[in-house]
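The residues making up each chain are set out below.
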Amino acid sequence: MKKIETVCVIDDDDIYQIITTKEIEETALVNNILLFSDGEKAIRYIETAIAESKKLPDIIFLDLNMPVMDGWDFLDEFLVLKPKMNKKVVLYIVSSSIDNRDIDKARSISAVTDFIIKPITKNQLASIFNTVLKQQRA
Amino acid sequence: MGDELVEFVKKLFTAEGFMPRWVCGVWSSTHGWMYICANIAIWAAYFTIPFVLFSFIQKRKNLPFRGIFVWFILFIIFCGVTHLVDAIMFWKPLYRLNAVLLVTTAIISWITVVILIKHIPKALQLKTSTELQEIINQQMQELQLANSKLKESETYFKALVNNNPDLITRMGKDLTYQFVNESLTTLSGSQPSFYLGKTPAQVLPTHPHTPMFEGKLREVIETKKMVEYEIHTTAPTVGDGYFAVEMIPLFDEKNEVENVITITKNITEARKNALKLEETIANLNKLSKRLDYKIKTLQDFAYIVSHNLRSPVGNLVSLKGLYDKEADTNMKEFYVEKAFTVADQLSITVKDLSDVVNIGQNTDIAQEWLQFKTVLVTQMNALFAEIESSKAVVSHNFTACEKIQYPKIYLESIFLNLLTNAIKYSSPKRIPQIHFETAVNEEGIITLTCTDNGQGIDMEKHGKKLFSLHKTFHSHPDARGVGLFITKNQVLALGGTISAKSEVDKGTTFIINFNEMQV
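So, here is what we can say about the structure in this document. (Residues numbered from 1 in each chain as written. Chains lettered and ligands numbered in written order. Predicted model: local features only at pLDDT ≥ 70, side-chain atom pairs only at ≥ 80, totals over all residues. Heavy atoms only, no water.)

In this section: the nonpolar core. Within the largest apolar cluster, 41 residues are counted, with the highest numbers of intra-cluster contacts made by Phe-372, Tyr-406, Leu-411, Phe-415, Ile-434, Phe-436 and Phe-514 of chain B. Take this core: its biggest share by element is eight residues, from helix α13 (residues 408-424) of chain B. If sequence neighbours within four positions are ignored, Tyr-406 of chain B has contacts with Gln-367, Glu-368, Leu-370, Leu-411, Ile-414, Gln-490, Val-491, Leu-494 and Phe-514 of chain B. If you look at the next biggest cluster of nonpolar residues, it comprises 29 residues, including Ile-43, Ile-46, Leu-62 and Leu-64 of chain A. (Core = buried A, V, L, I, M, F, W, Y, C linked by side-chain atoms within 4.5 Å. Buried < 20%, exposed > 50% of the residue type's maximum accessible area, 1.4 Å probe, protein only. Helix = DSSP H or I, 4+ residues; strand = E, 2+ residues; numbered from the N terminus. Contact = heavy atoms within 4.5 Å.)

Counting residues at the interface gives 27 residues for chain B and 26 residues for chain A. In total, chain B and chain A occlude about 2,400 Å² of area from one another, counting both sides; carbon and sulfur atoms represent 49% of this. Considering only the side of chain B, the residues that lose the most area to chain A are Tyr-303, His-307 and Arg-310 of chain B, jointly responsible for 23% of the buried surface there. The interface formed by chain B and chain A holds two salt bridges in total. Here Glu-326 of chain B makes a salt bridge to Lys-22 of chain A, at a shortest N to O gap of 3.7 Å. Counting across the interface, chain B meets chain A through two residue pairs in polar contact (both at pLDDT 80 or more). Elements supplying a minimum of two residues to the side of chain B that touches chain A: α9 (268-325), α10 (329-361) and α14 (459-462) of chain B. With 12 residues, the single largest contributor to the side of chain B that touches chain A is α9 of chain B. Tallied by class, the residues present in the side of chain B that touches chain A amount to seven nonpolar, 13 polar and seven charged. (Buried area = accessible area lost by both parts, 1.4 Å probe. Salt bridge = Lys/Arg side-chain N within 4 Å of Asp/Glu carboxyl O. Polar contact = N/O pair within 3.5 Å; in protein donor to acceptor, adjacent residues only side chain to side chain. Nonpolar A, V, L, I, M, F, W, Y, C, P; charged D, E, K, R; others polar.)

Residue and element names in this part refer to chain A. Pairing in this open sheet of five strands is parallel, and the strands run β2-β1-β3-β4-β5 from one edge to the other. Strands with a single pairing partner mark the edges of an open sheet, and in this sheet they are β2 (30-36) and β5 (112-117). Averaged over all neighbouring strand pairs, the angle between strand axes comes to 20°, with direction disregarded. Sheet topology places strand β3 (residues 59-62) next to strand β4 (residues 90-95); four bridges connect them, and they run parallel. Residue pairing for β4: Phe-61 is matched across the bridge by Tyr-92. Seen against the sheet, helix α1 (residues 14-27) touches β1 (4-10), β2 and β4 and runs at an angle of roughly 170° to β2. Sitting on the sheet, helix α2 (residues 39-49) is in contact with β1, β2 and β3, with an inclination near 130° to β2. (Pairing = 2+ DSSP bridges. Axes fitted to C-alpha atoms, helices over the stretch in contact; angles between N-to-C directions.)

All names here are of chain A. Axis separation between α1 and helix α5 (residues 122-137) bottoms out at 9 Å; the angle between their running directions is 55°. Taken together, the axes of α1 and α5 are oblique relative to one another. Helix-helix and strand crossings are classified by hand; for α1 and α5 the assignment is right-handed. For the pair α1 and α5, contact is made by Glu-23, Ile-24, Glu-26 and Thr-27 and by Lys-122, Leu-125, Ala-126 and Phe-129, respectively. In the contact of α1 with α5, the residues fall into four nonpolar, one polar and three charged. (Parallel < 35°, antiparallel > 145°, perpendicular 65-115°, else oblique. Left-handed = near helix turned anticlockwise from the far one by under 90°.)

Nothing here speaks to function; it is geometry throughout.
What follows is the structure, encoded as C-alpha cells:
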C-alpha cells in the first residue's frame, strides 16, 4: 500500500510534537516526519528543499502561536515560495485558538486547506492522509 | 362791374354822393346826440376791452385757447370801429369805408364763431377752479395717507433694525457711517452723531478690527458682492467674544455700489457651545479609545486563556490516551514524566494569567511617591548575578523627573522586566549598555525610556505582537513572553501607554507614558 512520503509538523510545543509524532506513526500511512519548533526553521528547510522536490513535504501541520516566526509570518513567506514548488503541498493549520478572527483569517488564505482545533486525533489524521493519498493517485 | 369796383376803391375815403346823417332825415338834437354819444361810448368800451384782455393774457402765461383770445380781441376792435364810423356818419358819410369795415367785421366775427364752436368741446373739458380745488384736496388726502403709511413702515423698519440684537450700519461708498442702529450705540455707549459722516478709522482708530472692516467694505464696493467673515475679539467692553460680520451691497440706478449694509452678529454663545461640543467629542473619543483598549485587553485575555489553557490540557488528554494504550513500562513512565512537565507549565500559565487578572482589577491599588533612582537600584540589586555575568553597563538620567506617584510593586515590576529583557536579549557582539531616562512634557505626561544596544526586534514583523502573552522573538532558552505582557497590563491599568522603537542588531527603546490616558 502506498504511503505518504513526508509530513511536516511545525509547533513549538515539544510535548505536542511527541504526541503528534506518535499519533502519525500509529496511522501507519506516513514514511517520514519532519519536526520544526518554529516557522523560521521550517521555512529555511523549505527554501533549500525547493531545488529537490522529493524533499518537500506532502502535508504541513502548522501551529499559529510560536516564538521567533509564528504561523502567520510562516504563511506569508510560504505563499511567496509556493509558485516555485513543483509539488502539491497540502497545508493544515493546527491551533488551540478558538478565536473566530484567527479561523476566518486562516480560511481566507487559499493555501490553507483547513483549520483544525487542537488536540488533533489519530482518526482525524488518518482521514486527512487518506484524502491526500486519493488526490495523489488521481 | 370792373369800373364800379375801381370807382369804389378810388372814392373809399370820400363821402361823395352821400349826405351827412344830420341832414338826412329829421334828427332832433337830442336824438342825434344820443345816437352819436352812445356809438362813441360803445366804441370806447369796445376799444378798452382788448387792452384788458391783452394784459390778462400777458399775466396768465399758460392760458389755454390763446388763439381764441386773439380772434376775440380783433372781433371787439372791429365791432368798436363800426360804431365809431356810425357816429362819424353824422358829419362825414363814409359809406364805402363803412361797408369795407362791416365786411371785415363780419368775416372776423364768423371766424370767431367757428373757432369758438370748434373749441367748445375742449373748453368743456377744462376743470373749473372748484373742481380743481376738489382734485387737489383729494390728492392731498391721498398724499397724507401715503405719508402716514410711509411713516408707519419706517417706524416698523426702525424698530426692527433698532431692536435687532445685531449691530447694523449703513456705510456710504466713501466708507462713512450713514446709519447706526441702537444696538451699536447701546453697546458702544456713544450717540449716533459720534459715528455719522465719519469713517471707521476716524471713529475707532485703535480698534484692532478697524483695518479689516474698512478693507472688507472696499472689497464689497469693488466686487459688488456680499462678504461674510468672522472675528474673535477680546475688547474690554464685550470681553472674549466671537462675531460674524455680513456686508451687503446696495446699488444705485447705474448699478454701482452706493451703500453697504453691515450686520454684525454676536456668535459667542454659539461658538462657545461649538467649542464645548468639540471638547465633549474629544472627551468621548478619549473615552472610546480607552474602551477600545479595555475591549482589546479583554479579547486578548479571552484569547490567551483559551489558547494557553487549551494547549496543555489537550496535551494532558493526549498523553493519557497514549499512556493507556502503551504496553512498554519505560514508555509509560516517559508519558507520565511528560504529563508532569505539562502540569508544571499549566500551573505557571495559570499563575501568569491570575497575575494579569489581578492587575486589571487593582486599578485603585495604593500609590506612593517613588524615586526612580531608588527603584532602579533595588531592581539592579535583585538582578546582581545577571548584570555581573553579562557585564552590562546600566546608566540613568532622572533629572527631568525624579519621582512619580505610582504603585510600588508595579514600578518595580516595570524596571525588573525592562532590565531582564535588555540583558536577556543583549547582543553577544558588544558589551550591553542599558540607559534609563525620564522626561515630563508641558501637559504633565511623565515618560520613562529604556534604551539598550541589544539584538533588537524587527518592528515591521513583530511590532503588533510585541506586548502579547507568550510571544517571543528570539530563540532564547528563557524566553517565555510574559514580562512585557505583564508590564503592558500594569501600565495600561493605570491609564498609561507603552510602545517601542527597535532596529535589528542596533537595539531597542521602550517608551512608557505613565499618565497619558489620564490627562
